Amino acid sequence: MHKYKNSLLTQGRLSILVIALVMLVPSTLHADSARQMNLREMCQQAEKIFRGTVVSASPGTVHVGGGELQVVTYRIRVDESFKGDFKELKGMRFAEVRMLSPQQINRSGSSRVTTYLPGMPQLIIGQPYLLFVSRANSVGLSPPVGLGRGLFRIRGEG
């Protein structure tokens, strides 16, 4: 029983750490999730603006404040660019967008706690989007401006 109690305390502390870090990270990402932005402000905040199709999603981690956060790095084929520079590979342009994973998994010994971050965008492989992407911050995160506000899923293309 005592071991179970300690495990719950540790899990609770990890969840609080993740929530605290997530609350701190948006302000360092140049992506204010609470403030409404118009199109002009979104364009000013974005380092890159483009229409593209997601070709891959790779999970990973970043080290922040002595802990790790799960991230997803999306590789997106740039179909049309409006602002910014893009990597070219075999005659096609690509962008990499790295953002926090909407699902954070914390391990403590044999225990595993999953925390969900509501409002965190998630891209779908094969889906086209219009993106307003922030400049990468000190830990390499470069989410859409305003988190989900700079991300528009394109439907009915063709």
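Note that the structure is a prediction, hence the values are computed from the model and not measured.

Engineer: It is not clear to me how the packing of aromatic side chains should be interpreted in this structure. Could you clarify?
Structural biologist: The geometry of an aromatic ring pair is captured by two quantities: the separation of the ring centres and the angle between the planes. Counting across every chain of the model gives two aromatic pairs. On the numbers, 5.2 Å between centres and 75° between planes, the contact of F50 with F86 is edge-to-face. You can see F50 sitting in strand β1 (residues 48-64) and its partner F86 sitting in the loop between β2 (67-83) and β3 (87-89), a full 36 residues away along the chain. Of the two residues, F50 and F86, neither departs from the other in class, the shared state being buried. Look at F132 and F152: their rings are 6.0 Å apart centre to centre, the planes differ by 70°, and that puts the pair in the edge-to-face class. Of this pair, F132 sits in strand β7 (residues 128-133) while F152 is found in strand β8 (residues 151-153), placing the two residues 20 residues apart along the sequence.

Engineer: Can you walk me through the nonpolar core in this structure?
Structural biologist: Generally speaking, a soluble globular protein has its nonpolar side chains buried in company with each other. Residues F50, Y74, I76, L123 and L131 are the most contacted members of the largest nonpolar core, which totals 15 residues. Those elements that provide at least two residues to this core are β1, β2, β4 (92-100) and β7. It is β2 that provides the largest number of residues to this core, a total of four residues. Not counting residues within four places of it along the chain, the set of residues in contact with L131 comprises K48, I49, F50, I76, P144, G150 and L151. Counting seven residues, the second-largest nonpolar core is a separate cluster that includes V64, V71, M120 and L141.

What counts and what doesn't
Residues numbered from 1 in each chain as written. Predicted model: local features only at pLDDT ≥ 70, side-chain atom pairs only at ≥ 80, totals over all residues. Heavy atoms only, no water. Phe/Tyr/Trp six-rings, centres within 6.5 Å; stacked < 30°, edge-to-face > 60°. Helix = DSSP H or I, 4+ residues; strand = E, 2+ residues; numbered from the N terminus. Buried < 20%, exposed > 50% of the residue type's maximum accessible area, 1.4 Å probe, protein only. Core = buried A, V, L, I, M, F, W, Y, C linked by side-chain atoms within 4.5 Å. Contact = heavy atoms within 4.5 Å.

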